[in-house]
Amino acid sequence: MRDTPSAGPQPTVAEKVFAFVDERVGLKQLTAKMLNESVPGGSRWAYVFGSILLFIFGMQTVTGVLLMFYYVPTADHAYASTQYIIHDVDYGWFLLSYHFWGSSAMVVCVFAHMSQVFLWGAYKKPRELIWVVGLALFALVMGFGFTGYLLPWDQRAFWATTVGVEIMDKIPVIGDFLARFLKGGPIPGQMTLSRFFVIHVMVLPAALIGLAGLHLFLFRCAGPAGPFRGTPVELKAKTDYFFPRQIWKDVVGMAMVFACISALAFWEPVVLLDEATPDPGDYHPEPEWYFLFIFQHLRLRMFSGEFGQFLASMLLPGLLGVMLLLLPFFDRNPERNIFKRPLALIGWVVLTVSILLFTVSAIINRDFLD
Amino acid sequence: MQKAEVIRTRYRSLCIVRQAPPGIWMNDHMSPTKLGFGILWPACWTGLPIKLALAVLFLAFGIVDFESRIALAFLMLLASPVTVFALPTITMGLGSHIGEGAGIGLLFMLAIPVDIWALGLTGRTFFLERCRREPPARLGLTLWWKCALVGAIFLPILWVAERATTHVSVSAAHSIFEDGFLEGTPIAERISIELTLWGTVATVVLSCLFVIGLSLVGRMLRGTILSAPHAAENYEGLITRWDLMRVPADPGLMLTALSGVAVVLSLLFWFSLPVLTPHPHECCKKAEVRVAPEFKPFDTLNKDEKMISQLAARVEFLIEQQAAAQLEKQKSKKKGGADHEAVKEPDATEPVPAAVMAP
């Protein structure tokens, strides 16, 4: 009598393809590693900002590539091609407006993500490197905003860049070189536009992809910090895997961000001012909204004069940056509960309120000037 | 039914690793403010994604315009469990509005079932996890009408009080700089100081009013909580129940349904999205396009034939007229030139008799 193998159900094409890839790259193991990471204390809405930032970056890439099909990065045609995108390309106005508001959403979400990490004390040992790389990513996001703002080549873009480059000029040692390199001439022109365009679409995305990968790798090595409250037993009782609950929350968060950015694109679509000229006319030059608080500082009398301007535009923000960079190395207290770290709590509140206050002041000041 | 339970149990065992904590804590003495906040905060955020999707669709349809008050509209939509009945009072009674369009009323109408669902979901979690009590039947509806009632009465009061406070504090901050010793303060400093002064007062008053409002909601809900029986299980059992409550009976069906809804919403969004910008720039206004009349070859041919025959008739008439005139001239020459009366030359521009022009 011959032994016959048990006839199980035949694998589908998809299963065969999966098995083929799995045999070569270990897909099952990789998927298990990605999805079965335990989240101490269970999934939370507070943890969605990292995934949301990745989503926004993905959407910015998609909309950016679509815009590049029509945009011409020359001083002669940048303005006209942007107007063409807005007025003649099908859905061009929405793509451009989504890209514009997406950059603002990215800044807001980076701030929210950093605030969450800071307040949760998640930058402390052994997660110092994640924090440092996160700060570098924050700088890249600001760089994206700064370089992208010039590309439409209208008065707002031209003067925001002029103000930004002038502020950059005040950096000691390298400021003059940086400003001259970015401007490429006495006033912003073709060289400025070319350099900003290349930095915006090639240098910064490459740097961001690399650093974001490193950030995720370091995060996976150290693992999630979990909530700062609750006994170890309570935390263990609520511990989840990354899939499905945290992924579900992330997806809902992404959908909400998409809806918010779309709503903003409908509410205030991008409308260009007049084409860029070296004469501001009636336009009052000012940078993007997320640099407005620094700009408002420069208007204060206490920061007038060469040294005052340097103090407000470079020294104070620079000191803040250095302090944030060194934070995990000098804050060695293992306590993570923000309510037991009064200095950290007060510092965060003062910084947030100051940014808010000076940003709103700058807007009121603009209305006053108009 | 049994199969569904098996799926849920398997799913649950995949998702969670647990251990019961020692001891049990009770929350019967929770303050009303904490109670109100504990239910309203998660409920508002739970319902928001659905409400936001509707709002974006309405924006794409063009039936909602939030003007310059989009932040306020967002807050009102977020807090729709308490703003739903207060909004008409604020809009019609107090003359404030969050935007224009019929879509606003529809949006808040559609928010009602969403809020009932969200309050039910978060309320059951709150009852089990925080209060250790059995959630009563139709909890969502009970919580919703109580929240909406408190909001309908309290929010207009909050609105009026906050508006008056802001108005008075802005005037007071202005007067300090206009009449007082700070008259010569530079404009940038003045703006920041004024903003700090009136902003602090307005924020403090708003925070106090919020706390009072949450406390009122908490007091309204306390009765529902106290009337619910205590849960019999220990902490582990409660967490398991609370957790199972959030697992769909059929995850596959749920996923398919959600994907279907997402596809429908996406299609609706792209179909309703205007192709060209709704706000064209002055420099790029489109030239008015005149529609060319429809070309009908037979009509045109007939018309041209008629015109040609008319013109041919006219030419023939002119030739005949000229020939008659020449004949008349020759006759008069033959008469010997006695008659010097000049023969009048026919005028080519002379109107053609109507009989000739007739088809």
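Check the entry above for the structure.
Definitions and limits used
Residues numbered from 1 in each chain as written. Chains lettered and ligands numbered in written order. Predicted model: local features only at pLDDT ≥ 70, side-chain atom pairs only at ≥ 80, totals over all residues. Heavy atoms only, no water. Helix = DSSP H or I, 4+ residues; strand = E, 2+ residues; numbered from the N terminus. Buried < 20%, exposed > 50% of the residue type's maximum accessible area, 1.4 Å probe, protein only. Contact = heavy atoms within 4.5 Å. Areas by Shrake-Rupley, 256 points an atom, 1.4 Å probe, with all protein chains shown as cover. Salt bridge = Lys/Arg side-chain N within 4 Å of Asp/Glu carboxyl O. Patch = residues over 30% accessible without salt bridge, like charges linked within 9 Å, V, L, I, M, F, W, Y side chains within 5 Å. 1 Å grid on protein atoms, 1.4 Å probe; cavity = no way out; pocket = protein on both sides within 12 Å on 5 of 7 lines; lining within 4 Å. Points joined across faces, edges and corners; volume = space filled by probe spheres on them. Nonpolar A, V, L, I, M, F, W, Y, C, P; charged D, E, K, R; others polar. Lys, Arg positive; Asp, Glu negative; His and termini not counted. Axes fitted to C-alpha atoms, helices over the stretch in contact; angles between N-to-C directions. Parallel < 35°, antiparallel > 145°, perpendicular 65-115°, else oblique. Left-handed = near helix turned anticlockwise from the far one by under 90°. Phe/Tyr/Trp six-rings, centres within 6.5 Å; stacked < 30°, edge-to-face > 60°. Lys NZ or Arg CZ within 6 Å of the ring centre and 35° of its normal. Expected span 1.5 Å × (residues − 1). Bend = angle between axes of the 7 residues up to and from the residue.

### Considering the overall build of chain B
Scanning chain B for helices and strands turns up 12 helices and zero strands. For chain B, the succession of helices and strands along the chain, N to C, is α-α-α-α-α-α-α-α-α-α-α-α. Taken across its 359 residues, chain B has 33% of its residues classed as buried. The long-range share in chain B, meaning contacts at least 24 apart out of those at least 6 apart in sequence, stands at 83%. A total accessible area of about 21900 Å² is found for chain B, and carbon and sulfur atoms account for 67% of it.

### Notes on the pattern of salt bridges
Residues and elements named next belong to chain B. Summed over the entire model, instances satisfying the criterion amount to 11 salt bridges over all chains. For the salt bridge of Lys 51 with Asp 115, the shortest nitrogen-to-oxygen distance reads 3.1 Å. Remark: Asp 115 occurs in helix H6 (residues 102-130) and Lys 51 occurs in helix H2 (residues 32-61); sequence separation between them is 64 residues. Both residues of the pair, Lys 51 and Asp 115, count as buried. Within this structure, Glu 178, Arg 190 and Glu 194 form a network of salt bridges that share partners.

### Observations regarding a nonpolar patch on the surface
Residue and element names in this part refer to chain A. Taken together, Val 62, Val 65, Leu 66, Met 68, Phe 69, Tyr 70 and Tyr 84 make up a surface patch of nonpolar side chains, about 650 Å² in accessible area. No other element matches helix H3 (residues 49-68), which puts four residues into the nonpolar patch. The topology assignment puts Tyr 70 in the loop between H3 and helix H4 (78-87).

### Examining the layout of surface pockets
Residue and element names in this part refer to chain A. In this structure, the second largest pocket occupies an estimated 1300 Å³ of space. Lining the second largest pocket are 46 residues; nearest its centre among them are Gly 50, His 113, His 215, Leu 216 and Phe 219. Contributing elements (two or more residues each) for the lining of the second largest pocket: helix H2 (27-35), H3, helix H5 (92-119), helix H6 (128-150), helix H9 (190-222) and helix H11 (242-267). Here the residues of the lining of the second largest pocket are counted per class, giving 31 nonpolar, nine polar and six charged.

### Here we look at the side chain of Asp 22 of chain A
All names here are of chain A. The topology assignment puts Asp 22 in helix H1 (residues 13-25). Despite its burial, Asp 22 pairs with no opposite charge; the closest candidate is Lys 28, at 4.2 Å N-O. Here Asp 22 is in contact with Leu 27 and Lys 28, once residues within four sequence places are set aside.

### Side note on the packing of H5 of chain A against H11 of chain A
All names here are of chain A. As a packed pair, H5 and H11 sit with axes 8 Å apart at the nearest point and diverge in direction by 120 degrees. On the basis of the axis angle, H5 is oblique to H11. At the point where H5 passes H11, the crossing takes the right-handed sense. For the pair formed by H5 and H11, the contact residues are Trp 93, Phe 94, Ser 97, Tyr 98, Trp 101, Gly 102 and Ala 105 on the first element and Phe 258, Ile 261, Ser 262, Leu 264, Ala 265, Phe 266 and Trp 267 on the second. Tallied by class, the residues present in the contact of H5 with H11 amount to 11 nonpolar, three polar and no charged.

### Considering the packing of aromatic side chains
Scanning all chains against the criterion turns up 30 aromatic pairs over all chains. The interplanar angle of 45 degrees and the centroid separation of 6.3 Å between the aromatic rings of Tyr 70 of chain A and Tyr 84 of chain A together place this pair among those described as tilted. With Tyr 70 of chain A in the loop between H3 and H4 and Tyr 84 of chain A in helix H4, the pair connects residues that are 14 residues apart, well separated along the chain. Given a relative accessible area of 39%, Tyr 70 of chain A falls into the partly exposed group. The class of Tyr 84 of chain A is partly exposed, set by a relative accessible area of 40%. Pairwise contacts between aromatic rings join Tyr 91, Trp 93, Phe 94, Tyr 98, Phe 258 and Phe 266 of chain A together with Phe 269 and Trp 270 of chain B into one cluster. The ring centre of Phe 20 of chain A lies 3.7 Å from the NZ or CZ of Arg 24 of chain A, which sits over that ring. Between Lys 249 of chain A and the ring centre of Trp 45 of chain A, over which it is positioned, the NZ or CZ distance is 5.7 Å.

### Here we look at H9 of chain A
Residue and element names in this part refer to chain A. When the terminal C-alpha atoms of H9 are compared, their 46 Å separation across 33 residues agrees well with the 48 Å that a helix rising 1.5 Å per residue should span. Along H9, the largest kink reaches about 40 degrees and is centred on Ile 199. The elements touched by buried residues of H9 are H3, H4, H5, H6, helix H7 (155-168) and helix H8 (175-183). Count one or two residues on from H9 and you reach Gly 223, which has phi positive near 80 degrees.

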